[in-house]
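Each chain, written out:
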Amino acid sequence: MNKLLDTPAVASASAPAHAAGRPVAGNAAERAQAQALAEAVGAAMYARDPASQGLGMRIDAIGPGHARLSMPVRADMLNGHQTCHGGFIFALADSAFAFACNSHNLVTVGAGCTIDYIAPGREGDVLTAIAVEQTLSGKTGVYDVKVSNQDGVTVALFRGKSHRIQGTVIPA
(Lines give C-alpha, C1' and ligand atoms only; values in the text may rest on other atoms or scores of the structure.)
Protein backbone atom coordinates (compact mmCIF):
# COMPACT_ATOMS: atom_id res chain seq x y z
CA MET A 1 0.00 0.00 0.00
CA ASN A 2 1.19 3.50 -0.79
CA LYS A 3 2.13 5.12 2.51
CA LEU A 4 1.21 8.57 1.16
CA LEU A 5 -2.39 7.39 1.03
CA ASP A 6 -2.41 6.03 4.58
CA THR A 7 -4.04 9.14 5.96
CA PRO A 8 -7.62 9.71 7.05
CA ALA A 9 -7.50 13.00 5.16
CA VAL A 10 -7.48 11.39 1.70
CA ALA A 11 -10.09 9.13 0.17
CA SER A 12 -10.27 8.17 -3.45
CA ALA A 13 -12.98 8.97 -5.91
CA SER A 14 -14.28 5.60 -7.01
CA ALA A 15 -15.86 6.44 -10.36
CA PRO A 16 -13.69 6.26 -13.48
CA ALA A 17 -15.46 9.26 -14.97
CA HIS A 18 -14.43 12.85 -14.37
CA ALA A 19 -16.48 14.60 -11.71
CA ALA A 20 -18.09 16.83 -14.33
CA GLY A 21 -19.47 13.78 -16.09
CA ARG A 22 -16.88 13.83 -18.87
CA PRO A 23 -14.92 10.61 -19.29
CA VAL A 24 -11.28 10.60 -18.27
CA ALA A 25 -9.10 9.92 -21.32
CA GLY A 26 -7.24 6.64 -21.66
CA ASN A 27 -7.83 2.98 -21.02
CA ALA A 28 -8.63 1.50 -17.62
CA ALA A 29 -4.95 1.15 -16.70
CA GLU A 30 -4.20 4.79 -17.63
CA ARG A 31 -7.23 5.99 -15.67
CA ALA A 32 -6.16 3.95 -12.64
CA GLN A 33 -2.64 5.38 -12.90
CA ALA A 34 -3.99 8.95 -13.15
CA GLN A 35 -6.26 8.31 -10.15
CA ALA A 36 -3.38 6.89 -8.08
CA LEU A 37 -1.22 9.88 -9.00
CA ALA A 38 -3.97 12.34 -8.01
CA GLU A 39 -4.36 10.58 -4.64
CA ALA A 40 -0.59 10.63 -4.02
CA VAL A 41 -0.40 14.32 -4.96
CA GLY A 42 -3.33 15.10 -2.66
CA ALA A 43 -1.74 13.27 0.25
CA ALA A 44 1.62 15.00 -0.29
CA MET A 45 0.07 18.45 -0.57
CA TYR A 46 -2.15 17.92 2.48
CA ALA A 47 0.82 16.74 4.56
CA ARG A 48 2.55 20.09 4.00
CA ASP A 49 -0.56 22.30 4.19
CA PRO A 50 -0.89 23.54 7.77
CA ALA A 51 -3.52 26.12 6.74
CA SER A 52 -6.03 23.52 5.49
CA GLN A 53 -5.18 21.19 8.38
CA GLY A 54 -5.55 23.96 10.95
CA LEU A 55 -9.00 24.85 9.65
CA GLY A 56 -10.08 21.23 10.03
CA MET A 57 -10.37 20.55 6.30
CA ARG A 58 -10.41 16.98 5.03
CA ILE A 59 -9.92 15.67 1.53
CA ASP A 60 -12.99 13.50 1.03
CA ALA A 61 -12.22 12.58 -2.60
CA ILE A 62 -9.69 13.51 -5.24
CA GLY A 63 -9.08 12.51 -8.82
CA PRO A 64 -7.65 13.96 -12.00
CA GLY A 65 -9.06 17.48 -12.26
CA HIS A 66 -11.39 17.34 -9.29
CA ALA A 67 -11.42 17.35 -5.49
CA ARG A 68 -13.97 17.32 -2.68
CA LEU A 69 -12.99 18.86 0.66
CA SER A 70 -15.06 19.33 3.79
CA MET A 71 -14.69 21.58 6.82
CA PRO A 72 -16.73 21.85 10.02
CA VAL A 73 -17.75 25.39 10.99
CA ARG A 74 -16.41 26.07 14.48
CA ALA A 75 -17.34 28.83 16.92
CA ASP A 76 -14.03 30.61 16.23
CA MET A 77 -15.00 30.87 12.54
CA LEU A 78 -18.08 33.02 13.19
CA ASN A 79 -18.32 36.71 12.38
CA GLY A 80 -20.27 39.43 14.20
CA HIS A 81 -23.54 38.12 12.73
CA GLN A 82 -22.86 34.67 14.17
CA THR A 83 -22.47 33.18 10.69
CA CYS A 84 -19.37 31.66 9.14
CA HIS A 85 -16.95 34.40 8.11
CA GLY A 86 -16.70 34.58 4.33
CA GLY A 87 -12.92 34.27 4.53
CA PHE A 88 -13.24 30.75 5.88
CA ILE A 89 -15.71 29.77 3.16
CA PHE A 90 -13.31 31.25 0.61
CA ALA A 91 -10.40 29.33 2.15
CA LEU A 92 -12.30 26.04 1.80
CA ALA A 93 -13.19 26.76 -1.85
CA ASP A 94 -9.64 27.91 -2.58
CA SER A 95 -8.15 24.76 -1.05
CA ALA A 96 -10.47 22.52 -3.09
CA PHE A 97 -9.43 24.50 -6.18
CA ALA A 98 -5.75 24.01 -5.31
CA PHE A 99 -6.07 20.27 -4.82
CA ALA A 100 -8.05 19.87 -8.06
CA CYS A 101 -5.68 21.90 -10.23
CA ASN A 102 -2.55 20.23 -8.82
CA SER A 103 -4.02 16.71 -9.13
CA HIS A 104 -2.16 16.18 -12.42
CA ASN A 105 1.15 16.50 -10.50
CA LEU A 106 2.16 19.73 -12.24
CA VAL A 107 2.77 22.65 -9.88
CA THR A 108 -0.15 24.98 -10.45
CA VAL A 109 -1.08 28.23 -8.73
CA GLY A 110 -4.13 30.45 -8.71
CA ALA A 111 -4.11 33.29 -11.23
CA GLY A 112 -7.44 34.78 -10.22
CA CYS A 113 -10.81 33.90 -8.82
CA THR A 114 -14.25 35.12 -7.91
CA ILE A 115 -16.68 33.99 -5.26
CA ASP A 116 -20.38 34.59 -4.79
CA TYR A 117 -21.84 34.01 -1.33
CA ILE A 118 -25.32 32.54 -1.63
CA ALA A 119 -26.34 31.49 1.90
CA PRO A 120 -24.72 31.67 5.34
CA GLY A 121 -22.79 28.90 6.99
CA ARG A 122 -23.62 28.33 10.63
CA GLU A 123 -21.78 26.96 13.63
CA GLY A 124 -21.92 23.16 13.52
CA ASP A 125 -22.42 23.02 9.75
CA VAL A 126 -20.12 20.81 7.73
CA LEU A 127 -19.32 22.65 4.53
CA THR A 128 -18.27 20.68 1.46
CA ALA A 129 -16.46 22.20 -1.51
CA ILE A 130 -16.51 20.30 -4.79
CA ALA A 131 -13.98 21.58 -7.34
CA VAL A 132 -14.29 20.52 -10.97
CA GLU A 133 -11.94 21.27 -13.83
CA GLN A 134 -13.89 22.96 -16.61
CA THR A 135 -11.04 23.40 -19.06
CA LEU A 136 -7.31 22.84 -19.15
CA SER A 137 -5.36 24.21 -22.09
CA GLY A 138 -1.63 24.75 -22.11
CA LYS A 139 -0.67 26.28 -18.78
CA THR A 140 -4.13 27.64 -17.95
CA GLY A 141 -7.16 25.98 -16.41
CA VAL A 142 -10.59 27.05 -15.21
CA TYR A 143 -12.21 25.38 -12.20
CA ASP A 144 -15.65 25.75 -10.67
CA VAL A 145 -16.17 25.10 -6.98
CA LYS A 146 -19.54 24.71 -5.30
CA VAL A 147 -19.65 24.99 -1.51
CA SER A 148 -22.69 23.40 0.16
CA ASN A 149 -23.72 22.58 3.71
CA GLN A 150 -24.66 19.15 5.04
CA ASP A 151 -28.26 19.67 3.88
CA GLY A 152 -27.19 20.34 0.29
CA VAL A 153 -27.87 24.08 0.50
CA THR A 154 -25.50 26.02 -1.75
CA VAL A 155 -23.43 28.39 0.39
CA ALA A 156 -21.06 29.78 -2.24
CA LEU A 157 -19.98 29.49 -5.87
CA PHE A 158 -16.30 30.03 -6.71
CA ARG A 159 -14.53 30.14 -10.07
CA GLY A 160 -10.76 29.97 -10.20
CA LYS A 161 -8.29 30.37 -13.03
CA SER A 162 -5.06 28.42 -12.64
CA HIS A 163 -1.60 28.85 -14.10
CA ARG A 164 0.93 26.03 -14.30
CA ILE A 165 4.46 26.92 -13.28
CA GLN A 166 7.61 24.86 -13.30
CA GLY A 167 7.96 21.56 -11.47
CA THR A 168 5.97 18.66 -10.07
CA VAL A 169 4.27 18.31 -6.71
CA ILE A 170 5.86 14.90 -6.12
CA PRO A 171 8.75 13.36 -8.03
CA ALA A 172 7.45 11.93 -11.29
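Residues numbered from 1 in each chain as written. Predicted model: local features only at pLDDT ≥ 70, side-chain atom pairs only at ≥ 80, totals over all residues. Heavy atoms only, no water.

A. Examining the overall build of the protein chain more closely. A count of helices and strands for the protein chain gives three helices and six strands. Every one of the 172 residues in the protein chain was classed for burial, and the buried ones make up 40%. Across the protein chain, every contact between residues at least 6 apart in sequence was considered, and the portion connecting residues at least 24 apart equals 67%. Carbon and sulfur atoms form 56% of the exposed surface of the protein chain, whose accessible area is close to 8500 Å². (Helix = DSSP H or I, 4+ residues; strand = E, 2+ residues; numbered from the N terminus. Buried < 20%, exposed > 50% of the residue type's maximum accessible area, 1.4 Å probe, protein only. Contact = heavy atoms within 4.5 Å. Areas by Shrake-Rupley, 256 points an atom, 1.4 Å probe, with all protein chains shown as cover.)

B. The arrangement of the packing of helix α1 (residues 28–47) against helix α3 (residues 86–102) in detail. Two elements in contact, α1 and α3, have axes whose closest approach is 9 Å; the angle formed by their N-to-C orientations is 135°. Relative to α3, the element α1 lies oblique. Judged by the twist between their axes, the crossing of α1 over α3 is right-handed. In this structure, α1 contributes Val41, Gly42, Met45 and Tyr46 to the contact, and α3 contributes Ala98, Phe99 and Asn102. Taken together, the residues of the contact of α1 with α3 sort by class into five nonpolar, two polar and no charged. (Axes fitted to C-alpha atoms, helices over the stretch in contact; angles between N-to-C directions. Parallel < 35°, antiparallel > 145°, perpendicular 65-115°, else oblique. Left-handed = near helix turned anticlockwise from the far one by under 90°. Nonpolar A, V, L, I, M, F, W, Y, C, P; charged D, E, K, R; others polar.)

C. Local environment of the nonpolar core. Leu69, Ile89, Leu92, Phe99, Leu127, Val145 and Val147 are the most contacted members of the largest nonpolar core, which has 36 residues in total. Residue assignment for this core shows that the elements contributing at least two residues are α1, β1 (58–63), β2 (66–72), α3, β4 (126–137), β5 (140–148) and β6 (154–164). Top element by residues in this core is α3. It accounts for eight residues. Excluding its chain neighbours within four sequence positions, the residues that come into contact with Leu69 are Met57, Arg58, Ile59, Asp60, Leu92, Ser95, Ala96, Phe99, Leu127, Thr128 and Ala129. (Core = buried A, V, L, I, M, F, W, Y, C linked by side-chain atoms within 4.5 Å.)

D. Up close: α3. Taking 1.5 Å of rise per residue, the 17 residues of α3 would be expected to cover 24 Å, and the 24 Å separating its terminal C-alpha atoms lies within 8% of that figure. Within α3, the full set of buried residues consists of Ile89, Leu92, Ala93, Ser95, Ala96, Phe97, Phe99, Ala100, Cys101 and Asn102. (Expected span 1.5 Å × (residues − 1).)

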